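Structural overview for review
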Amino acid sequence: MLEIKNLHARIAEDGTEIINGLNLTVKAGEVAAIMGPNGSGKSTLSYVLAGRDDYEVTEGDIFYNGESILDMDPAERASAGLFLAFQYPMEIPGVATMQFLKVALNEQRKARGEEELTTPDFIKKVREAAGTLGVEMEMLKRPLNVGFSGGEKKRAEILQMKLLEPKLCVLDETDSGLDIDALKIVADGVNALRSPDRAVIVITHYQRLLEYIVPDTVHVLSKGRIVKTGDKSLALELEAKGYADIIAEAA
Amino acid sequence: MAATMTKPAEAPLTATETALVAQFGDRSSHLPGNADAVMARDKAVQAIKAHRLPTRKVEAWHYTDLRRLLNQFPDWRSDVAAGAADPLLEDAHRFVLVNGQMAERAQIEGCQIESVADALRADVGGVALEAPADADDAVGAINTAFVTDGVRLSIAEGAHIERPIEFQSIHDGGQAHTRNLITVGAGAKASFIDRHLGSDEAVLASNVTELTVREGAEIRWIIVQEQGAAASHLGKLTLTLEKDAKATLFIANYGGKLVRQEVHAAATGEGADLTFRAINLIGERTHCDVTLELDHLVADTTSTETVRNVVTGKAQGVFQGQIRVAQAAQKTDAQMACNTLLLSDEGGFATKPELEIFADDVVCAHGATVAEIDEDHLFYLMARGISAKTARGLLIEAFVDEIVEELDDDALIEALEIRIADWLEAHG
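These numbers were taken from a predicted model, which means no experiment stands behind them.

1. Here's the deal with the overall build of chain A
- A tally of regular secondary structure across chain A gives nine helices and 12 strands.
- The C-alpha radius of gyration of chain A comes to 18 Å, within 12% of the 18 Å expected for a compact globule of 251 residues.
- Dimensions of chain A along its principal axes, counting C-alpha atoms only, are 55 × 40 × 35 Å.
- For chain A, buried positions account for 51% of its 251 residues.
- Within chain A, counting contacts between residues at least 6 apart in sequence, those at least 24 apart form 68% of the total.
- Counting only carbon and sulfur atoms, one obtains 49% of the accessible surface of chain A, whose full area is about 10,900 Å².
- Computed over 29 positive and 40 negative side-chain charges, the separation of the two mean positions in chain A equals 4 Å.

2. Focus on the pattern of salt bridges
- Counted under the stated rule, the structure contains 38 salt bridges over all chains.
- The shortest N-O distance in the salt bridge between glutamate 114 of chain B and arginine 152 of chain B comes to 2.9 Å. In this pair, glutamate 114 of chain B sits in strand 3 (residues 111-115) while arginine 152 of chain B sits in strand 4 (residues 151-155), placing the two residues 38 residues apart along the sequence.
- On the basis of relative accessible area, arginine 152 of chain B is assigned to the partly exposed category, the value being 24%.
- Sharing partners across several salt bridges, the network here consists of Lys228, Glu237, Lys241 and Glu249 of chain A.

3. Let's talk about the packing of helix 2 (residues 15-27) of chain B against helix 6 (residues 138-146) of chain B
All names here are of chain B.
- It is the contact of helix 2 with helix 6, at a shortest axis distance of 11 Å, that shows an interaxial angle of 25°. Comparing their axes, helix 6 and helix 2 come out roughly parallel. Taking contact as the criterion, the partners of Leu20, Gln23 and Phe24 in helix 2 are, on helix 6, Ile142, Ala145 and Phe146.
- Here the contact of helix 2 with helix 6 is built from residues that sort into five nonpolar, one polar and no charged.

4. Side note on helix 1 (residues 42-50) of chain A
- Burial within helix 1 of chain A is extensive, with eight of its nine residues counted as buried.
- Buried within helix 1 of chain A are the following residues: Lys42, Thr44, Leu45, Ser46, Tyr47, Val48, Leu49 and Ala50 of chain A.

5. Topic: the packing of aromatic side chains
- Summed over all chains, the structure comprises 14 aromatic pairs over all chains.
- Here tryptophan 76 of chain B and phenylalanine 146 of chain B contribute two aromatic rings whose centre-to-centre distance is 5.9 Å and whose plane-to-plane angle is 45°, an arrangement assigned as tilted. Note that tryptophan 76 of chain B is positioned in the loop between helix 4 (66-69) and strand 1 (93-98) and phenylalanine 146 of chain B in helix 6, a separation of 70 residues in sequence.
- For phenylalanine 146 of chain B, a relative accessible area of 0% gives the class buried.
- One aromatic cluster is present, built from ring pairs that chain together Tyr47, Tyr55, Phe86 and Phe100 of chain A together with Phe379 and Tyr380 of chain B.
- Geometry around tryptophan 76 of chain B places arginine 27 of chain B over its ring, the cationic atom sitting 3.9 Å from the centre.
- Positioned over the ring face of tyrosine 380 of chain B is arginine 384 of chain B, at 5.1 Å from the centre of the ring.

6. Observations concerning the side chain of serine 344 of chain B
Residues and elements named next belong to chain B.
- One can find serine 344 in the loop between strand 17 (333-342) and strand 18 (348-357).
- Side-chain polar atoms of serine 344 contact the backbone oxygen of glycine 313, separated by 2.5 Å.
- Side-chain polar atoms of serine 344 contact the backbone nitrogen of glycine 347, separated by 3.1 Å.

7. A word on the interface of chain B and chain A
- Chain B puts 16 residues into the contact, and the matching count from chain A is 31 residues.
- When chain B packs against chain A, the two sides together hide about 2,000 Å² of surface, and 69% of this comes from carbon and sulfur.
- For the chain B face of the interface with chain A, the top three residues by lost area are Phe379, Tyr380 and Arg384 of chain B, together amounting to 40%.
- For the pair chain B and chain A, the number of links is two salt bridges.
- One salt bridge connects arginine 384 of chain B with glutamate 157 of chain A, and the closest N-O pair in it is separated by 2.7 Å.
- Here chain B is connected to chain A by 12 residue pairs in polar contact (both at pLDDT 80 or more).
- The set of elements that each furnish at least two residues to the side of chain B that touches chain A consists of helix 7 (375-382) and helix 8 (388-404) of chain B.
- Sorting elements by how many residues they give to the side of chain B that touches chain A places helix 7 of chain B first, with six residues.
- Residue classes in the side of chain B that touches chain A are distributed as nine nonpolar, four polar and three charged.

8. A look at helix 6 of chain B
- Helix 6 of chain B sits mainly inside the fold: nine of its nine residues count as buried.
- Inspection of helix 6 of chain B places Ala138, Val139, Gly140, Ala141, Ile142, Asn143, Thr144, Ala145 and Phe146 of chain B among the buried residues, and these make up the whole buried set.

9. Here we look at the sheet that holds strand 2 (residues 17-26) of chain A
Residues and elements named next belong to chain A.
- In spatial order, the strands read 2-1-4-5; together these four strands make up an open sheet with antiparallel pairing. Among the strands making up the open sheet, the edge pair consists of strand 2 and strand 5 (67-68).
- Note that strand 4 (residues 55-64) and strand 5 share two bridges and pair antiparallel. Counterpart to phenylalanine 63 in the pairing with strand 5 is serine 68.

What counts, and at which threshold
Residues numbered from 1 in each chain as written. Chains lettered and ligands numbered in written order. Predicted model: local features only at pLDDT ≥ 70, side-chain atom pairs only at ≥ 80, totals over all residues. Heavy atoms only, no water. Helix = DSSP H or I, 4+ residues; strand = E, 2+ residues; numbered from the N terminus. Rg over C-alpha atoms; globule rule 2.2 N^0.38 Å. Buried < 20%, exposed > 50% of the residue type's maximum accessible area, 1.4 Å probe, protein only. Contact = heavy atoms within 4.5 Å. Areas by Shrake-Rupley, 256 points an atom, 1.4 Å probe, with all protein chains shown as cover. Lys, Arg positive; Asp, Glu negative; His and termini not counted. Charge placed at Lys NZ, Arg CZ, Asp CG, Glu CD. Salt bridge = Lys/Arg side-chain N within 4 Å of Asp/Glu carboxyl O. Axes fitted to C-alpha atoms, helices over the stretch in contact; angles between N-to-C directions. Parallel < 35°, antiparallel > 145°, perpendicular 65-115°, else oblique. Nonpolar A, V, L, I, M, F, W, Y, C, P; charged D, E, K, R; others polar. Phe/Tyr/Trp six-rings, centres within 6.5 Å; stacked < 30°, edge-to-face > 60°. Lys NZ or Arg CZ within 6 Å of the ring centre and 35° of its normal. Polar contact = N/O pair within 3.5 Å; in protein donor to acceptor, adjacent residues only side chain to side chain. Buried area = accessible area lost by both parts, 1.4 Å probe. Pairing = 2+ DSSP bridges.

What follows is the structure in structure tokens.
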């Protein structure tokens, strides 16, 4: 489903290289964890996948279902089925969450040539999805993410993911700032989305989240490239030995 | 100001000024009014000749060089076909002035209503035109010289006017000069829409409104300026708030080529409160100036002023906000903010906040920001599949709608938001 080949990317503004020859393949139905220390390029990778123009790809390619997505803007990538759950979801004053959800859903449907949802169908869909995530409808009347707690923001991200039904989900440090109860709710939400035609990339610093979202593959990211790949036991090994040892072994 | 008055005219009259004086000669005998009105009109034109149209050397016009910008003085037109527009809110009482001539007049229970043209003619109980006080008052001078009609409306003490009252100044090119004189009796309540609209023909429109809100009365006054792309609009609202009077004044500018809307407000009674809001959506080569002078004259008065601007194309915007707190006006609380979203490199917005405080126990603050669309916000929306154009539109609307939604009237909010969305669709 996703194939990243020899990817090099840098910060557009100052040319700092962050991703440095990264290779990664994720199959449909797979849950892949990408783990790495601070500064290894985890968040950059998620932004480059989503198409943020603060980053420039200088070499290599990203193939999604066999086609390069480098020339697609973030909206086109999202409509094609890519979803990034942000580590720090933006607060956008003045845009009501419900309005945002409706526009996003319908723009994606439009881009795919589907009928727009009617308002009653839309509300029904949101109500169902919100219920399972413990998101109050009252919260969705507020401006997008404004004044939401850390946990509410992450739940709102998962709610968006549930509604938009992407094919490739990228979760960027979704566990940061969550207490254990919130973590479970979020993990349940992600697990409910697991299916043979959907892939999930879980980007995280700690092994903790992987107890709840059990990965098929684990990849260690260091200095902008994948240095080691294994199964879920690699995450436990990282937890036990720390990044320094594993990265030193791999080098 | 004195210097300006005594200085000899440095250059011959501009084409606009010449046309103004010439047309007054042709028109004056057709304009309504008794002998006093004739004199006042004549004095106004003499004042314009003496002071000339203001340039940026006149402090109050520093960012709007009227002599340069008012580059047309179209002929009067009598062959006007413009009809009334649907009111902004469908249940409104409607007054319609077409090119300054009364075309429709509502009857409202609890209100005394008269045409200003009739009141100018009356020798007893009529209204007087005042000659302009100084060189600053170009809007007043032009309106005094040429005003043809308007609505004189007085709301009885304690009357609650349930349906909104809409004044429509509509034009179809040429000249349109109106004046509305409104008194809201003690304890009364009313909501007004002061709407200026018209075709894309060149027009010079002016409006003077004198609005007095008596003790404990409560009003909402919405100025909707949505004229065609070739309109010059000169507006002046004088607002007096007596004891415990409350006013929400909301200005929506999203039309015209040259716009100057002045507000001269005074809190003259304790407990008076003004909520001042303005949105200026300006594109292409529009020049739009909102100038507020607010006097807190007595103790315990409050006001908030929020201005939101969206600038595209080569448009230039101006907000001058002057708050004066008299020595007696202790415990005044005034908060002013002017925020601009600049969508093009060629547009600009000048903000001049001024606080003149002579009392020592007051809370007054002002702030101004100019920003572009937040790229992080844009990315977030696009990452959810919202196209760049729609995402930008959502963010701009959010910026403007935030103050529209304070209005606490769903029908009014919807009416304004639809127009904002239309404007963005055309200019965003």
